[in-house]
Amino acid sequence: MNILIIGPPGVGKGTQAKLIKDTLGLIHLSTGELLRKEIKTKSKVGIISKRFIDKGEFIPDDIMLEIINNTITRHNCLKGYLFDGFPRTLPQAEGLDMILNKYNCNINAAINLTASIEELKIRLLKRSNQGNRSDDLPSIIDKRQKIYWIQTAPILKYYKAKNLLKEVDGLGSIKHVNKRILNIFNSND
Ligand code: AMP
């Protein structure tokens, strides 16, 4: 089983991914975390990525697809990935399908976590006060939300057309949202 977790910045993708990966026996692949590690080690990809991340912009699709292509292995694809923060654009979604096809794998569900823009801003401002991330600056929060709606939201249609989209309300406690997500996989439909 390969699953995606999609949603705007601050909706709780990373938090929920960490909670469900073990329950569902999946390998958590967060492109944001992967890029932040590259930045820390000052690798070539890290140096390029930092320029985009600090401005709240996306890393170009060809770079992201190369990273994903180099990261995904046949063995782990058969075991199952939980993709968190990838794909973020339509070309990435199409590219991911092609990469998975190479290994006879496919996406089984795309979870769309939702929350109101007001709630997202409150959460991101809180995260910004913790000072862990260079892209959580108040000046960049609005830009990241806008970019999500322009560049990422179109992938929702892509997965809906494939009958893979699962809408989950991301409001409420972490525990409640977690239960809502797991319910998708416990139901028989
Ligand atoms: P995240 O931790 O998922 O919020 O990602 C942090 C930042 O990393 C994003 O705002 C982008 O700048 C970059 N990033 C992560 N995943 C992708 C992706 N799939 N495509 C382009 N940029 C990405």
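About the criteria used
- Residue numbers here run from 1 along each chain, matching the order of that chain's written sequence.
- Totals for whole chains, interfaces and linings use every residue, but because this is a predicted model, local features are given only for residues with pLDDT of at least 70 and side-chain atom pairs only at 80 or more, for both listing and counting.
- As a convention, hydrogens and water are excluded, and side-chain values are obtained from all of the structure's heavy atoms.
- A helix here means a DSSP run of H or I that spans at least four residues, while a strand means a run of E at least two residues long, and both kinds are numbered starting from the N terminus.
- The atom set for the radius of gyration is the C-alpha atoms, and the globule formula is 2.2 Å times the number of residues raised to the power 0.38.
- Each residue's exposure class comes from its accessible area (1.4 Å probe, protein chains only) as a fraction of the maximum for that residue type: buried when under 20%, exposed when over 50%, partly exposed otherwise.
- Should any heavy atoms of two residues lie within 4.5 Å, those residues are counted as being in contact.
- Using a 1.4 Å probe, the Shrake-Rupley method yields the accessible areas, and only the shown protein chains count as cover for residues.
- Contacts described as polar in this section are N or O atom pairs within 3.5 Å, which, within protein, must combine one atom able to donate a hydrogen with one able to accept it, while residues neighboring in sequence count only if both atoms come from side chains.
- Axis definition: a line fitted to C-alpha atoms, limited for helices to the stretch in contact. Angles are taken between N-to-C directions and run from 0 to 180 degrees.
- Throughout this description, any angle smaller than 35 degrees is read as roughly parallel, any larger than 145 degrees as roughly antiparallel, any in the 65 to 115 degree range as roughly perpendicular, and the remainder as oblique.
- Left-handed describes a crossing whose near helix is turned anticlockwise from the far helix by less than a right angle; the clockwise case is right-handed.
- Here the nonpolar group is Ala, Val, Leu, Ile, Met, Phe, Trp, Tyr, Cys and Pro; Asp, Glu, Lys and Arg are the charged ones; every other residue, Gly included, is treated as polar.
- One requirement defines pairing of two strands: DSSP has to find at least two bridges between them.
- Only four residue types enter the tally: Lys and Arg on the positive side, Asp and Glu on the negative side; His and the chain ends are excluded.
- Salt bridges are defined by distance alone: a side-chain nitrogen of Lys or Arg within 4 Å of a carboxyl oxygen of Asp or Glu.
- We call a residue near a molecule or strand when any one of its heavy atoms sits within 4 Å of it.
- Two cysteine sulfurs form what is called a disulfide whenever their separation falls within 2.5 Å.
- Residues are said to line a cavity or pocket when one of their atoms sits within 4 Å of a point; the points come from a 1 Å grid over protein atoms alone, cavities being sets where a 1.4 Å probe fits but cannot get out and pockets being open sets with protein on both sides within 12 Å along at least five of seven lines.
- Grid points are joined across faces, edges and corners, and a volume is the space filled by probe spheres set on the points.

(A) Spatial organisation of the overall build of the chain. Within the chain, the regular secondary structure consists of 10 helices and five strands. Rg of the C-alpha trace for the chain: 16 Å, near the compact-globule value of 16 Å for 189 residues, within the 12% margin. If one aligns the C-alpha atoms of the chain with their principal axes, the spans along those axes are about 45 × 40 × 30 Å. Counting the 189 residues in the chain, one finds 46% classified as buried. Sequence-distant contacts in the chain: of pairs separated by 6 or more residues, those separated by 24 or more amount to 75%. Here the chain has roughly 10,200 Å² of accessible surface; of this, 54% comes from carbon and sulfur atoms.

(B) Molecular detail of the environment of E57. With respect to the element layout, E57 can be found in the loop between α3 (44–53) and α4 (61–71). In sequence terms E57 and N129 are 72 residues apart; their C-alpha atoms lie 21 Å from each other. Polar side-chain contacts of E57 include one of 2.9 Å to the side chain of K143.

(C) Local environment of the packing of α4 against helix α6 (residues 90–102). Two numbers describe how α4 lies on α6: the axes approach to 10 Å, and their chain directions differ by 25°. On the basis of the axis angle, α4 is roughly parallel to α6. Crossing handedness for the pair α4 and α6: right-handed. Listed contacts from α6 to D61, M64, L65, I68 and N69 of α4 are P91, Q92, G95, L96, I99 and K102. Tallied by class, the residues present in the contact of α4 with α6 amount to six nonpolar, three polar and two charged.

(D) Up close: the sheet that holds strand β3 (residues 81–84). With parallel pairing, five strands are arranged side by side in an open sheet as β2-β3-β1-β4-β5. Single-partner strands in this sheet number two, and they are β2 (27–30) and β5 (165–169). Neighbour-to-neighbour, the strand axes of this sheet turn through a mean angle of 20°, independent of strand direction. Against the sheet, helix α10 (residues 174–186) makes contact with β1 (3–6), β4 (109–114) and β5, and its axis sits at roughly 155° relative to β5, the strand it touches most.

(E) Region of interest: the side chain of D84. Tracing the backbone through its elements, the reader meets D84 in strand β3. Of the side chains with opposite charge, K13 comes closest to the buried, unpaired D84, at an N-O distance of 5.4 Å. Ignoring any residue separated from it by four or fewer positions in sequence, one finds D84 in contact with I5, K13, G14, A17, H28, L29, S30 and T31.

(F) Up close: the site of the ligand. Every one of the 16 residues lining the ligand counts as a neighbour, but T31, R36, E57, G85 and R88 are closest to it. Separating a nitrogen atom of the ligand from a side-chain N or O atom of R88 is a distance of 2.9 Å. At 3.0 Å from a nitrogen atom of the ligand is found a side-chain nitrogen or oxygen belonging to Q92. Calculation on the ligand without its partners gives an accessible area of 480 Å², and the protein chains cover 96% of this total. Top contributing element to the shell around the ligand by residue count: helix α2 (residues 31–40), with four residues.

(G) Molecular detail of the state of the cysteines. Scanning the model with the defined rule gives one disulfide in all. Here C77 pairs with C105 through a disulfide, and the sulfurs are 2.0 Å apart. You can see C77 sitting in helix α5 (residues 74–79) and its partner C105 sitting in the loop between α6 and β4, a full 28 residues away along the chain. Of the two residues examined, C77 and C105, each falls in the buried class.

(H) Region of the structure containing the layout of surface pockets. Considered as a void within the structure, the second largest pocket measures approximately 190 Å³ in volume. Along the walls of the second largest pocket sit L34, E38, K44, V45, I48, I63, E66, I67, N70 and T71, which together make up its complete lining. For the lining of the second largest pocket, the element with the most residues is α4, which contributes five residues.

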